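Next come the chains, spelled out residue by residue.
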Amino acid sequence: MTDHNFAVVTFAESSKAYETLSDLRGASREGRIGVASAIIAEREPDGHLHLAEGEDATIGAGASAGGLLGMFVGILGGPLGVLLGWGTGALVGSFADSRRVDRNATIVGEFSSRLPAGTTAILAEVEEAAPEVLDGLAASQGGVVLRRPAVDVLAELEAVEAAAEAADREAGRIMREQRRQERKDAWDERVARLKTRFQRKN
């Protein structure tokens, strides 16, 4: 029986991530672990998530559109990730202050907290008969593994997407209300000016 997991393996040195990914590719060929997709990601000093390019930096579909890994990277490195403190950690508008966000309260936040600026990680969707395979490969290069059931990660990504859509709808409603109020205010001002002019003439 195998476990379908999503894992983040972090390294202090980027070269160690590449070596581990190569070893992971070999273990996959040997049938010791199944790798649906994997990619090397680097958190830049400014907090942005950078995906490495080239065949030596990916396995399978990588972070292309579609697939669990692609969705994860899209949220973690996109505007919503920044908004929730998963990305640059910057304050965005008046909606969120990352200093008040408990990153460990969500799976995505927990993964992100393991990827501070200046670190490199392997993001992978794997089928594991035994966790010792990935753990051993990572440990040999000084890497640290954090894994969660893929079904839980997918459920959270779906929840995040739903929340984002709801937030968009609410933002649209507020903007429409503001425009209506602005039009009403402008109307009232125009009527008031016209009344004043008539009163002066009379």
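Nothing here was measured: the structure is a model prediction, and the numbers come from that model.

On to the overall build of the protein, then. Of regular secondary structure, the protein possesses six helices and six strands. In the protein, the succession of helices and strands from N to C terminus is β-α-β-β-β-α-α-α-β-α-β-α. In the protein, which comprises 202 residues, the proportion classed as buried is 36%. Taking the intrachain contacts of the protein between residues at least 6 apart in sequence as the baseline, contacts between residues at least 24 apart amount to 71%. Accessible surface, the protein as shown: approximately 11700 Å² in total, 53% of it carbon and sulfur.

As a further point, take the pattern of salt bridges. Following the criterion strictly, the structure yields four salt bridges and no others. Residue Arg32 pairs with Glu30 through a salt bridge whose shortest N-O separation is 2.9 Å. Across the pair Asp135 and Arg147 runs a salt bridge whose closest N-O atoms are separated by 3.0 Å. Taken together, the positions of Asp135 in helix H5 (residues 132-139) and Arg147 in strand S6 (residues 144-149) put the pair twelve residues apart, joining distant regions of the chain. We classify Asp135 as partly exposed; its relative accessible area is 29%. A single network of salt bridges, built from pairs that share partners, joins Glu128, Asp135 and Arg147.

Moving on to the packing of aromatic side chains. Scanning all chains against the criterion turns up three aromatic pairs. Arranged with centres 4.6 Å apart and planes meeting at 45°, the rings of Phe6 and Phe72 form a pair that is tilted. Remark: Phe72 occurs in helix H2 (residues 67-76) and Phe6 occurs in strand S1 (residues 3-11); sequence separation between them is 66 residues. One aromatic cluster is present, formed by Phe6, Phe72 and Phe111 through successive ring pairs.

It is worth spelling out the nonpolar core at this point. Membership of the largest hydrophobic core comes to 22 residues, with the highest contact counts inside it found for Phe6, Phe72, Phe111, Leu123, Val153 and Leu157. Where this core is concerned, the elements lending two or more residues are S1, strand S2 (34-43), H2, helix H4 (107-113), strand S5 (120-128) and helix H6 (150-201). When residues in this core are grouped by element, the largest group, six residues, is from H2. Among residues more than four places away in sequence, those in contact with Phe6 are Leu68, Leu69, Phe72, Phe111, Leu123, Ala124, Glu125, Leu146, Arg147, Arg148, Ala150 and Val153.

In this model, the protein carries a mean pLDDT of 78, and residues with pLDDT of at least 70 account for 77%. Looking across the protein, the model is least confident in helix H3 (residues 79-83), with a mean pLDDT of 45, and most confident in H5, with 96. Scored below 50 in pLDDT, residues 79-104 shows 42 contacts in the model against residues more than four places distant or in partner chains.

This part covers the side chain of Gln141. With respect to the secondary-structure elements, Gln141 resides in the loop between H5 and S6. Looking at Gln141, its side chain comes within polar contact range of the side chain of Glu19, at 3.2 Å. Sequence-distant contacts of Gln141, defined by excluding residues within four places in its chain, comprise Phe11, Lys16, Glu19, Thr20 and Asp23.

What follows concerns the pairing of S5. Note on strand geometry: in a regular strand, side chains alternate between the two faces of the sheet. Counted residue by residue, S5 has eight buried out of nine residues, so it is predominantly covered. Where S1 and S5 come together, nine bridges link them in antiparallel fashion. Its bridge partner lying in S5, Val8 is registered against Leu123. In this structure, S2 lies alongside S5, joined through eight bridges in antiparallel fashion.

About the cut-offs
- Residues numbered from 1 in each chain as written.
- Predicted model: local features only at pLDDT ≥ 70, side-chain atom pairs only at ≥ 80, totals over all residues.
- Heavy atoms only, no water.
- Helix = DSSP H or I, 4+ residues; strand = E, 2+ residues; numbered from the N terminus.
- Buried < 20%, exposed > 50% of the residue type's maximum accessible area, 1.4 Å probe, protein only.
- Contact = heavy atoms within 4.5 Å.
- Areas by Shrake-Rupley, 256 points an atom, 1.4 Å probe, with all protein chains shown as cover.
- Salt bridge = Lys/Arg side-chain N within 4 Å of Asp/Glu carboxyl O.
- Phe/Tyr/Trp six-rings, centres within 6.5 Å; stacked < 30°, edge-to-face > 60°.
- Core = buried A, V, L, I, M, F, W, Y, C linked by side-chain atoms within 4.5 Å.
- pLDDT = per-residue confidence, 0-100.
- Polar contact = N/O pair within 3.5 Å; in protein donor to acceptor, adjacent residues only side chain to side chain.
- Pairing = 2+ DSSP bridges.

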